[in-house]
There are 2 protein chains.
Amino acid sequence: MTSEALGQCLGTNPVVVRRTMGLLREAGLVRAARGHAGGWQIAADLETVSLRRLHAALGEPAIFAIGNRHETPDCLVEQSVNAALEGAFAEAEALLLARFADVTLADLARDFARRHAQRRAAQE
Amino acid sequence: MTSEALGQCLGTNPVVVRRTMGLLREAGLVRAARGHAGGWQIAADLETVSLRRLHAALGEPAIFAIGNRHETPDCLVEQSVNAALEGAFAEAEALLLARFADVTLADLARDFARRHAQRRAAQE
DNA sequence: TTTCATGTAACTATAGATGTTACGATTCGC
DNA sequence: GCGAATCGTAACATCTATAGTTACATGAAA
């Protein structure tokens, strides 16, 4: 599939697609072929690639929208708040990443197939 | 304490302080006095006000930086991804909010007092 | 009545994400 | 080989949300 086609599916620009897919390529999850009839191909086993691995491949983007302003503030009040929250954030992050690790691309593919069949049936 | 003074502590503008403190005022957690010798006062029992309550008072700002792009997408792939992630996010959010509920302002005050005493001792 | 506060609307600035343009490098079909 | 198609990437532009600022009305106390 070309970046152009993916961009249309995602409602975005081919270059934006290449930027993100490039990270997946570096992680060995997809292959890109240049030139005529080129484009993107999955290069990994759907059963073994989890969402956790995708998150890692994409550079472990920040999970939380809220959090410490500074890691090691001088302000003692800020230190107390940080200390109180750090454990909670760490626990929640660990839980989320564990759930990500549970879901493989194959799981998504199966769920998609189910939905696809359902939609077809509903259209008849 | 005036918005001016709080702004200096927080490294920000008095108006920004008023904006946020205004939400806490609406929730009954602080009082504001206008005019000469006015400013902000805590209006709640430190032992019973939790970080969870603060989060609620501030309008339950989004916890996660990543998440669904659309709630109910037409795209079946997006639907599958959403379905796979929703549970995980819900669990992590519940855990985090539960931890928030465990921490009271009094807890923070005690931790602050401990740090304050320590710093004083270290300076002698 | 003057001074010092908050309350709030309107505007501006900033940073990060996203989108766009441009062009070089590569591959395939002819 | 030549030309069309495609990725790779740098540079630039645009958008958006947050934060910051200015301005002024309102209220309280000396």
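Rules of the game
Residues numbered from 1 in each chain as written. Chains lettered and ligands numbered in written order. Predicted model: local features only at pLDDT ≥ 70, side-chain atom pairs only at ≥ 80, totals over all residues. Heavy atoms only, no water. Near = heavy atom within 4 Å. Polar contact = N/O pair within 3.5 Å; in protein donor to acceptor, adjacent residues only side chain to side chain. Helix = DSSP H or I, 4+ residues; strand = E, 2+ residues; numbered from the N terminus. Nonpolar A, V, L, I, M, F, W, Y, C, P; charged D, E, K, R; others polar. Pairing = 2+ DSSP bridges. Least-squares fit on C-alpha atoms with pLDDT ≥ 70 in both. Contact = heavy atoms within 4.5 Å.

Student: Any chance you could break down the protein's contact with DNA strand D for me, citing the residues and the numbers?
Tutor: Residues in contact with DNA strand D amount to 22 residues; listed here are only the nearest, Ser3 of chain A together with Thr12, Asn13, Arg19 and Gly35 of chain B. Counting only atoms of DNA strand D within 4 Å of the protein, the fraction found in sugar and phosphate groups is 62%. Measuring from a sugar or linking oxygen of DNA strand D, one finds a side-chain N or O atom of Arg34 of chain A at 2.9 Å. Secondary structure elements with two or more residues in the surface near DNA strand D: helix 2 (14-26), strand 1 (30-33) and strand 2 (39-42) of chain A together with helix 2 (14-26) of chain B. The element contributing the most residues to the surface near DNA strand D is helix 2 of chain A, with 4 residues. Class assignment of the residues belonging to the surface near DNA strand D gives a composition of 6 nonpolar, 10 polar and 6 charged.

Student: Tell me what's going on with the pairing of strand 2 (residues 39-42) of chain B, and back it up with residues and numbers.
Tutor: Residue and element names in this part refer to chain B. Note that strand 1 (residues 30-33) and strand 2 share 4 bridges and pair antiparallel. Across the sheet, the residue bridging to Ala32 is Trp40, located in strand 2. Where strand 1 folds back onto strand 2 in an antiparallel hairpin, the turn is made up of 5 residues, including Gly35, whose phi is positive at roughly 75 degrees.

Student: Go over the relation of the copies chain B and chain A with me, naming the residues and quoting the values.
Tutor: The two chain copies are related to each other by a rotation about an axis together with a translation along it. For these two chains of identical sequence, chain B goes onto chain A by a turn of 180 degrees and a shift of 0.0 Å along the axis, with RMSD 0.0 Å. Within this description, the copies of the chain are treated as partners about a two-fold rotation axis. When the interface residues of chain B are mapped onto chain A, 100% of them again fall at the interface, so both copies present the same face.

This is a description of form; function is not addressed.
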